[in-house]
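Read off the chains here:
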Amino acid sequence: MYTDIIRGESMIICGFTSIVFGMFRRHSHHLPMFRELHMIVDLSMDIFGSIICGYWCARIIQFTLTDLFSNTLTNVIICVSMVYMTFYIVEFFGMSGMVALITVGLNLDSLSFKPRMEFIITKFFKMFSSVFQDLIYTFFGIVIGCGEIKYFRFHTVSFMFILFATVNVVRLLTTVLVSPILMRSSYEYNWRWGVVIAWSGIKGVFSLLLAPDIHNLAEKKTKSPQMFILYLLVTSLMTMGINSYMMTHSARTLGLCAISLPRQMAMQNAIKHIQEIIQNTITLFKTEKILTNVNWTLVEEKTKIEYIIPSDTVQFSHVSHDEKEEESPTDEVLMEEARLHIAIIQMRSFEKQCNNGILGVEAARILIGAAKSYCPIQGKFMSIYDVSTYVRARSWLMKFKNMLTFLDYRTDKAPLILHGNNKFMIFVYRIVFSEEFEYTGHIITFIYIYPMIMHLWPMARELNVAGLILVNYYFVSLYVLESALKIIILKRKYFRQYWNTLEFIIVLIGIFDIFFIHLVRWRPDNLVLIQIVIIIGYFRIIRFIPLIKTIIPLLINIADVQIKKRLRLMYSITKGYVKSQEDAKFLIKQISSRESINQKLYEILETNQRDAVKELGLIEHEGRDVVIALKTRQAIRNVIAKALKNLTFLWSRGIIDKHEGVEMNKVLLAKIKALNNFPMAIPPPTPEKYLHNILWLENKDVLIEFFKERAKLAYFDYGDVICKEGEMPQGIYLIISGMAILHSSPPTFGIDSALRPDRESKTMFTEYCTSGDVIGELSCLLKRESECTAICETILQACFISLEDLYEGFDVFWPSLEYKIWLKLALSIAYQYFESSLIDEDLTFRKCAELNLAYVQTLSSYNEMTIDNETMKFVIVVYGSVIDTKREVPYLAPCILPKTCGQVQGTSDLSKLLVIQASEPVKNNNNAKVMVNTGVRMTKKEHNWKR
């Protein structure tokens, strides 16, 4: 953060100096005529004009760099070219090129580049900058060397030291003046950091480039202009040597380089975690036959990490064990350190999601900016409400749209009720309710613009008084005719429309206008009448208000598009925030080794995630069509990204040659680029189509038709209870629209609470379910009391499948249907609790069901199962409990069985194990038959027990 302060101070000084020198440089030939007006105009051009040019240049660079079809060389050339073009074009138009480049830099960040492109471009610019600085110093050194030696005297050396001291004193005074602002912006800023910042020195290259202007702008020229360059060059070199040393020495002396004890504990915890990973890797390699003759003692010795913190950076050193315990940091200090780690993890998660295409660039920028702004606030964990400042914008957009909808003119066609055959009324009726009649009224109003301009222009009004009066008579008569025709047909309904009331008021004002004009003709010496006529004449402007009717539908469409964009942005931000909370929860144990801190962090992250999921549900309820379009677009993007990953793998292995790989890569990138034109809203599917979203129906027509005939639509109001904890289930609910909140005690997973001392907490779990989620699957499978209470947070519509119809489906489609429901539940439990371990596994439900990548094994009480570590990569207990028959170690769901476990036995009435295959399924027919027969026999026994 303090590096950013120093860089920001440098940027401000460079921008301000370039503006001041630019103003004097442009007016150097006519300084006596330089006035305040010139200064204001130049400042406006240098600040606002340069910022606008820099902003649009940044947008062009960003658009070019994010192009999927550009390569690295093209990006580097474009960056350098645009930087130079921006500077010289802005300078050519009399603005500040330096301010424009500063604006370009502020508008570009890591998200403006393609993944891994930022490092290459930054490296190139650093190299280019280093070469440029060396050339500047070399060139000015040659210029100084070409000067006459007689000007170099003893007082030159003393003046250099005086100038150097003056520069540092001025910097110190500047730091003191801005310290109140810095202290308010950051709670960690103090006088120690002010001292360090004051030693940061001057900007050598920038000062050298402006040095010739000191001589050129001076009224009295000196005989030795090279002395300006010499003074600046020596001061810059002294800054590079003395100030850099003083910065480091001051920071160490004042204790700013010391690593706090919480930070040391966090570093040691991270090192311990890395050492555990290394040890696990070594243990895994020891099982490989090809590595049996490796000297593992030497491997363990060489891979052991011993990170020793430097003594000058240790805050607490040379203390005894008892003193260290006494000086152990409190939970508040450790919590603050952990909070900073959480913020960093979240920002990295946002960047990763953006690079992977999960999160949009705009949403990622908002989230990263919010995380950085809330990071300096002590004790503040960023919640979803903190990043929802755009909600205010959404609220005014909604109000603006409601106002436009209220003002929208609707020509409600009134029924024609006539007594007898009145042809005139029929004729008037057809005229009033025709589109031509509306368009004619707008054209008449539009034509009146020219006479109104002449009326407001005094000279034209005096020359055309009679003509303007006649034109006024003509237009008022047309307005009277229009209103009369509408009143004849609509009668009292005429005044129910606000626009008709406005037109009637315009007619009345026009009649009063004509009446007072005639009064003035009769009494031309009455000043009161003349003033009234003048005032009423200005009221003729309201005749143009009905023209707004023509643009209201366009404004409604624009507001609707903006609202949809805001909803989409809001949904992306909230979804990205939820993912960052999940990433942070997986790394809690690596952040702190103290259990109390881990528990607090978990509770905070869980609360923030729950609030964010609630916001997701509310957004989806508010704009279902927008969310459906966004989810569809993200699904397409993920599928194409997976295809690109597979293409890269095949390309790297030589299966696809270079030409074929390039062509296929272009096709896939073109599809990703086409997603920019993806529709913003997709109408939600009908309730029947939602049955296709149930995974265990596998989109099979037979299963869908079976349950479509038996499913019913259920409607719930806000606050209604769908199911209650402790009651027997009635069936399953597939949410079509709306949101429900689930309250439950800690899940039992079919295990008695007496066997779980860690689950005796009465903490209630909360979860939100939205469109597409299913409620009540597990309780219906087990025919046991529901373990959660579902309450509607909004108006909810659901597809209800009763328990009887579900078990009828089990009988008809025996045994696959029940097994697939268990497989779906097992996969969801495994990913919920062990996502970090399964991150490299592609365990989609479809692949597991069709290719047998993973399957569910059922164990009843006292049934045994042999675990083959060569074919089984993971064995996860997802329901019930088992015991290792050799070591007699119990394992309660959910847990991953260790590799040392060779055979397990079920200890619950019903236990379910998810087996993840290590390779392709075994092709031995006999083994396959044994496995299938075992699964069917055990599942049938379990089904009879439940029936």
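Since this is a predicted model, take the numbers as computed values, not measurements.

Further remarks concern the overall build of the chain. When you go through the chain residue by residue, the secondary structure sums to 33 helices and 16 strands. With 947 residues in all, the chain has 40% of them scored as buried. Expressed as a percentage of contacts within the chain between residues at least 6 apart in sequence, the contacts between residues at least 24 apart total 78%.

Moving on, we get to the sheet that holds strand β7 (residues 788–792). Taken in spatial order, the four strands make up an open sheet running β2-β7-β4-β5, and their pairing is antiparallel. Edge positions in the sheet fall to β2 (721–723) and β5 (765–769), since each has one partner strand and no second. Each adjacent strand pair in this sheet contributes to an overall mean axis angle of 25°, direction not counted.

This part takes up empty space enclosed by the protein. Tallied over the entire structure, the rule returns five cavities of 30 Å³ or more. As a volume, the largest cavity reaches approximately 140 Å³. Forming the boundary of the largest cavity are 13 residues, of which T445, Y479, E482, E503 and P546 lie nearest the centre. Counting residues per element, the ones that place at least two in the lining of the largest cavity are α17 (435–447), α20 (465–490) and α21 (498–522). Looking at the lining of the largest cavity element by element, the count peaks at four residues for α17.

For the pair helix α25 (residues 595–622) and helix α26 (residues 624–652), interaxial distance at closest approach is 5 Å and the crossing angle is 110°. Of the possible angle classes, the one that applies to α25 and α26 is roughly perpendicular. On the side of α25, the interface is formed by I619, E620, H621 and E622, while α26 contributes R624, V627 and K631.

Here the focus is the nonpolar core. Judged by nonpolar contacts, the single largest core of 64 residues is most densely connected at W696, I876, L897, V904, L913 and L914. In this view, L913 contacts Y855, V856, Q857, L859, M865, V875, I876, V877, V878, V882, L897 and V904; residues no more than four positions away in its chain are not counted. Core analysis: the next-biggest nonpolar cluster, separate from the first, contains 28 residues, A363, I368, A371 and V387 among them.

Among the surface-exposed residues, L43, I47, F48 and I51 lie close enough to one another that they form a single nonpolar patch of about 330 Å² accessible area. One can find L43 in helix α2 (residues 36–65).

A few words now on the confidence of the model for the chain. Close inspection of predicted coordinates is inappropriate in any region flagged by low pLDDT. In the predicted model, the chain carries a mean pLDDT of 77, and 84% of its residues have values of at least 70. Considering each helix and strand of the chain separately, the mean pLDDT is smallest for helix α33 (residues 925–946), with a value of 33, and largest for strand β14 (residues 895–896), with 90. Low pLDDT, under 50, characterises residues 316–326; the stretch is placed with six contacts to residues that sit more than four places away or in other chains. Here residues 921–947 is modelled with pLDDT under 50, and outside its nearest four sequence neighbours on either side it reaches 33 contacts, counting other chains as well.

Below, the discussion takes up the packing of helix α14 (residues 361–374) against helix α23 (residues 548–586). Orientation of α14 relative to α23, taken along the N-to-C sense of each, is 55°, at an axis distance of 9 Å. Comparing their axes, α23 and α14 come out oblique. In this structure, α14 crosses over α23, and the sense of that crossing is right-handed. Mapping the contact onto sequence places E362, A363, I366 and L367 in α14 and L569, S572, I573, G576 and Y577 in α23. For the contact of α14 with α23, the per-class residue count stands at six nonpolar, two polar and one charged.

Here we take up the sheet that holds strand β13 (residues 890–892). One open sheet accounts for four strands, arranged β10-β15-β12-β13; its pairing is antiparallel. The open sheet is flanked by β10 (864–866) and β13, the only strands paired with a single partner. Across this sheet, the average inter-strand angle for adjacent strands is 30°, counted without regard to direction. Pairing between strand β12 (residues 881–884) and β13: three bridges, direction antiparallel. By the bridge assignment for β13, I883 is matched with P890.

With that settled, consider the state of the cysteines. Disulfides are covalent bonds that link the sulfur atoms of two cysteine residues. Scanning all chains against the criterion turns up zero disulfides. Here C723 is not disulfide-linked; the sulfur of C788 is the nearest cysteine sulfur, at 4.6 Å. In this structure C723 comes out as buried when scored by relative accessible area, which is 17%. The thiol of C901 is unpaired, and the distance to the nearest cysteine sulfur, on C895, comes to 9.1 Å.

Among the seven residues in strand β3 (residues 731–737), seven count as buried, and that is most of the element. Relative to strand β8 (residues 796–802), β3 runs antiparallel, the two being bridged by six bridges. Bridge pairing in β8 links G731 to S802. Relative to strand β6 (residues 774–775), β3 runs antiparallel, the two sharing two bridges. When the sheet's bridge partners are listed, Y733 is paired in β6 with I775.

Turning next to the packing of aromatic side chains. Counted by the stated rule, this structure contains 18 aromatic pairs. Taken together, the aromatic side chains of Y448, Y474, F475 and F544 make up a single cluster linked through ring pairs. For R710, the ring lying beneath its charged end belongs to F706, and the centroid distance is 3.8 Å. One cation-aromatic arrangement involves K899 over F874; the distance from NZ or CZ to the ring centre is 5.8 Å.

Time to look at the environment of R710. Mapped onto the fold, R710 is located in helix α28 (residues 701–710). Along the backbone, R710 and S802 are 92 residues apart, and their C-alpha atoms lie at a distance of 8.2 Å. Ignoring anything within four residues of it in the chain, the contact list for R710 reads F800, D805 and E808. Of note is the side chain of R710, whose polar atom sits 2.9 Å from the backbone oxygen of F706.

This part takes up the pairing of strand β15 (residues 903–906). One ladder, built from three bridges, connects β10 with β15; its direction is antiparallel. Its bridge partner being in β15, M865 is matched across the sheet by V904. The sheet contact formed by β12 and β15 spans three bridges and is antiparallel. In the strand pairing of β15, V882 is matched with G906.

Time to look at the pattern of salt bridges. All told, the structure shown has 18 salt bridges when counted by the stated rule. Where R710 meets E709, a salt bridge forms, and the shortest distance between an N and an O atom there is 3.6 Å. Overall, R710 belongs to the partly exposed group, its relative accessible area being 22%. What makes E709 exposed here is its relative accessible area of 63%. Ionic pairing is found between K824 and E777, a salt bridge with its closest N-O pair at 2.7 Å. With K824 in helix α31 (residues 816–834) and E777 in helix α29 (residues 777–782), this residue pair connects regions lying 47 residues apart in the sequence.

Turning next to unusual backbone geometry. Trans is the prevailing form of peptide bonds, just as negative phi is the prevailing case for residues other than glycine. Residues A893 and P894 are joined by a peptide bond in cis, for which omega reads -5°. Mapped onto the secondary structure, P894 falls in the loop between β13 and β14. The backbone of E698 sits at a positive phi, close to 55°, despite the residue not being glycine. Topologically, E698 is positioned in the loop between α27 (658–674) and α28.

Right, let's talk about helix α13 (residues 331–355) for a bit. If you check α13, its first and last C-alpha atoms are 36 Å apart, about what 25 residues at 1.5 Å a residue would give, namely 36 Å. The positive-phi residue at the C-terminal boundary of α13 is G357, with phi of around 85°.

Calculation criteria
- Residues numbered from 1 in each chain as written.
- Predicted model: local features only at pLDDT ≥ 70, side-chain atom pairs only at ≥ 80, totals over all residues.
- Heavy atoms only, no water.
- Helix = DSSP H or I, 4+ residues; strand = E, 2+ residues; numbered from the N terminus.
- Buried < 20%, exposed > 50% of the residue type's maximum accessible area, 1.4 Å probe, protein only.
- Contact = heavy atoms within 4.5 Å.
- Pairing = 2+ DSSP bridges.
- Axes fitted to C-alpha atoms, helices over the stretch in contact; angles between N-to-C directions.
- 1 Å grid on protein atoms, 1.4 Å probe; cavity = no way out; pocket = protein on both sides within 12 Å on 5 of 7 lines; lining within 4 Å.
- Points joined across faces, edges and corners; volume = space filled by probe spheres on them.
- Parallel < 35°, antiparallel > 145°, perpendicular 65-115°, else oblique.
- Core = buried A, V, L, I, M, F, W, Y, C linked by side-chain atoms within 4.5 Å.
- Patch = residues over 30% accessible without salt bridge, like charges linked within 9 Å, V, L, I, M, F, W, Y side chains within 5 Å.
- Areas by Shrake-Rupley, 256 points an atom, 1.4 Å probe, with all protein chains shown as cover.
- Salt bridge = Lys/Arg side-chain N within 4 Å of Asp/Glu carboxyl O.
- pLDDT = per-residue confidence, 0-100.
- Left-handed = near helix turned anticlockwise from the far one by under 90°.
- Nonpolar A, V, L, I, M, F, W, Y, C, P; charged D, E, K, R; others polar.
- Disulfide = S-S within 2.5 Å.
- Phe/Tyr/Trp six-rings, centres within 6.5 Å; stacked < 30°, edge-to-face > 60°.
- Lys NZ or Arg CZ within 6 Å of the ring centre and 35° of its normal.
- Polar contact = N/O pair within 3.5 Å; in protein donor to acceptor, adjacent residues only side chain to side chain.
- Expected span 1.5 Å × (residues − 1).

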